[in-house]
Amino acid sequence: ATPTSIMAGSGRSAELGVLFKGGEHLEHTQRIDTVVLDKTGTVTEGKPSLTDFVTYGSADEKEMATMLHAAERRSEHPLATAIVDGMKQLGVDRLEADSFSAIPGHGVEAMVAGRNVLVGTRKLMAEHQVDYKEALSSAEAREARGETVMFMAVDGILTAHVAVADQLKSSSKKAIERLKALGLDIVMLTGDNERTARAVANDVGIEQVIAEVLPKDKSEQIRKLQKQGRTVAMVGDGLNDAPALATADVGMAIGSATDIPIEAADLTLLGDDLHRVADAVLMSQKTMRNIK
Ligand code: ADP
Ligand code: MG
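Residues numbered from 1 in each chain as written. Chains lettered and ligands numbered in written order. Predicted model: local features only at pLDDT ≥ 70, side-chain atom pairs only at ≥ 80, totals over all residues.

- Identification of the protein chain as Copper-exporting P-type ATPase from Halalkalibacterium halodurans is taken from an unreviewed UniProt entry.

Now the structure itself:
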């Protein structure tokens, strides 16, 4: 590999919006056989919005909306932003949570008006012995359409469920077709529910899904794929993808947000379009062919 042709290759890819941190990454990219895509913000827009809010039992809707709003206002998660905006539109009283903790990969727990509020996954409910059976059939129906459903309990009793939808990026399906045509295996990796993840994957033509992975375990999943003998590129947009990007043979940071994990990545893709991943692979293959 002559340095000049690699430099020329890097220059051409920069024009396409693909920034390699160094020539060696162009070589590594040419060797990948598996592309792992983060779901939220990578395959989807990453801007969820509220689609459903239903209360159970004798729970008062406005009171639940107020407590949900107070709890989620303390969270920095994009799901929380969607819930907070949605509850505001329903009309809530302004209330401060007395205490708050985020439970990574599961949800939030807060004290609001002297009551314990839990919002999050089935696992979170199960861990606190909350019986959430009543919400299951509506939850499953929404998840089958690719929505994310969260359960809410007050003092250990199910009081509501809340659902959000995140649009697919319009470019995702075509870009994934191109990646497959280049002979690459595509895997989607997410902390979201298995059923939701499958529905989204199905819409864009992805067959392999690794779901319900805790933020801290994402890089471990990359290592597992590498142990199977795969050479892996990881594409992610969020700060919580940084360890996985660093573990992958090639880490690709995507997105125009300010918190893109550029530090951890070998390659930065300008814009938020998965076509840049295919461009990067094509460019690396062409450059390496020219050198040989
Ligand atoms: P992702 O990989 O989609 O960013 P996370 O690992 O951050 O997912 O979260 C996994 C799941 O935990 C979410 O799908 C949601 O059910 C739940 N969750 C996370 N944060 C919150 C929150 N602030 N409120 C309610 N539920 C949450
Ligand atoms: Mg993401």
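## Some points on the overall build of the protein chain
Here comes step 1: Assigned secondary structure in the protein chain consists of 12 helices and 13 strands.
Here comes step 2: In terms of overall size, the protein chain behaves like a compact globule, its C-alpha atoms giving a radius of gyration of 21 Å where 292 residues would be expected to give roughly 19 Å.
Here comes step 3: With the C-alpha coordinates aligned to their principal axes, the bounding extent of the protein chain is approximately 70 × 30 × 30 Å.
Here comes step 4: Across the 292 residues that make up the protein chain, the buried fraction comes to 46%.
Here comes step 5: Long-range contacts, defined as pairs at least 24 residues apart, comprise 61% of the intrachain contacts of the protein chain with a sequence gap of at least 6. (Helix = DSSP H or I, 4+ residues; strand = E, 2+ residues; numbered from the N terminus. Rg over C-alpha atoms; globule rule 2.2 N^0.38 Å. Buried ≥ 20, exposed ≤ 12 C-beta atoms within 10 Å, placed from the backbone. Contact = placed C-beta atoms within 7 Å.)

## Observations regarding the domain arrangement of the protein chain
Where the parts come together, the accessible area they lose is often given as the size of the interface.
Here comes step 1: Splitting the protein chain by domain gives domain 1 (3-45 + 168-291) and domain 2 (49-165).
Here comes step 2: Taken together, the 11 residues of domain 1 in the interface contact 10 residues of domain 2. (Domains from an automatic or database assignment.)

## A look at the site of ligand 1
Here comes step 1: Taken together, the neighbourhood of ligand 1 is formed by 20 residues, with S75, H77, G107, G120 and G191 sitting nearest.
Here comes step 2: Residue assignment for the shell around ligand 1 shows that the elements contributing at least two residues are α3 (39-43), α5 (78-90), β5 (107-112), β6 (115-120) and β7 (148-154).
Here comes step 3: Of the residues belonging to the shell around ligand 1, the class tally is six nonpolar, 11 polar and three charged.
Here comes step 4: There are two domains that each give the shell around ligand 1 at least three residues, and those are domain 1 (3-45 + 168-291) and domain 2 (49-165). (Near = placed C-beta within 6 Å. Nonpolar A, V, L, I, M, F, W, Y, C, P; charged D, E, K, R; others polar.)

## Section: the sheet that holds strand β8 (residues 157-165)
Here comes step 1: Reading across from one edge, β3-β8-β7-β6-β5-β4 is the order of the six strands in this open sheet, with antiparallel pairing throughout. Edge strands, defined here as strands with exactly one partner in the open sheet, are β3 (49-55) and β4 (97-103). When the angles between neighbouring strand axes are averaged without regard to direction, this sheet yields 15 degrees.
Here comes step 2: Sheet topology note: the β5/β6 ladder contains six bridges and is antiparallel. Paired with E109 across the strands is L118, a residue of β6.
Here comes step 3: Most of the contacts of helix α4 (residues 61-72) go to β5, to which it runs at about 110 degrees, and overall it touches β3, β4, β5, β6, β7 and β8.
Here comes step 4: Against the sheet, helix α7 (residues 133-143) contacts β3, β7 and β8, and its axis sits at roughly 5 degrees relative to β8. (Pairing = 2+ DSSP bridges. Axes fitted to C-alpha atoms, helices over the stretch in contact; angles between N-to-C directions.)

## Some points on the nonpolar core
Here comes step 1: Formed by 45 residues in total, the largest nonpolar core has its most connected members in V36, M234, M252 and V277.
Here comes step 2: Looking at this core element by element, the count peaks at five residues for helix α12 (residues 275-291).
Here comes step 3: Excluding residues that lie within four positions of it along the chain, M234 makes contacts with V36, I222, A244, L245, A248, G251 and M252.
Here comes step 4: Core analysis: the second largest hydrophobic core is formed by 33 residues, A80, A139, V154 and V164 among them. (Core = buried A, V, L, I, M, F, W, Y, C linked by C-beta atoms within 7 Å.)

## Concerning the sheet that holds strand β9 (residues 185-189)
Here comes step 1: An order of β1-β13-β12-β11-β2-β9-β10 is seen for the seven strands of this open sheet, with the pairing classed as mixed. Sheet topology places β1 (18-20) and β10 (208-210) at the edges, where each strand pairs with a single neighbour. Ignoring which end each strand starts from, the neighbouring axes of this sheet average 20 degrees apart.
Here comes step 2: Two strands pair when backbone bridges link them, and strand β12 (residues 250-254) and strand β13 (residues 267-269) are joined in this way by three bridges, in the parallel orientation.

## Some details on unusual backbone geometry
Leaving glycine out, the prevailing phi sign among residues is negative, and the prevailing peptide bond configuration is trans.
Here comes step 1: For A113, which is not glycine, the phi torsion reads 50 degrees and is therefore positive.
Here comes step 2: Here A113 shows up in the loop between β5 and β6.
Here comes step 3: A residue is classified by how many C-beta atoms lie within 10 Å of it, and A113, with 15 of them, is partly exposed.
Here comes step 4: For E212, which is not glycine, the phi dihedral falls at a positive 55 degrees.
Here comes step 5: Examined against the element boundaries, E212 turns out to sit in the loop between β10 and α10 (218-227).
Here comes step 6: The class of E212 is partly exposed, set by 18 C-beta atoms lying within 10 Å.

## Brief notes about the packing of α4 against α5
Between two packed helices, the angle of one axis relative to the other and the distance separating the axes together describe the packing.
Here comes step 1: It is at 9 Å that the axes of α4 and α5 come closest, and there the two elements cross at 145 degrees. The crossing of α4 and α5 is left-handed. Each of A65, L68, H69 and E72 in α4 lies in contact with α5, whose residues at this interface are A80, I83, V84, M87, K88 and L90.
Here comes step 2: Of the residues contributing to the contact of α4 with α5, the split by class is seven nonpolar, one polar and two charged. (Left-handed = near helix turned anticlockwise from the far one by under 90°.)

## A few points about the pairing of β8
Here comes step 1: Most of β8 is tucked away: seven of the nine residues are buried.
Here comes step 2: In this structure, β3 lies alongside β8, joined through six bridges in antiparallel fashion. Across the sheet, residue D52 finds its bridge partner in β8, namely A163.
Here comes step 3: Looking at chain direction, β7 and β8 are connected through seven bridges and run antiparallel. Note that in β8 the partner of V154 across the bridge is I157.

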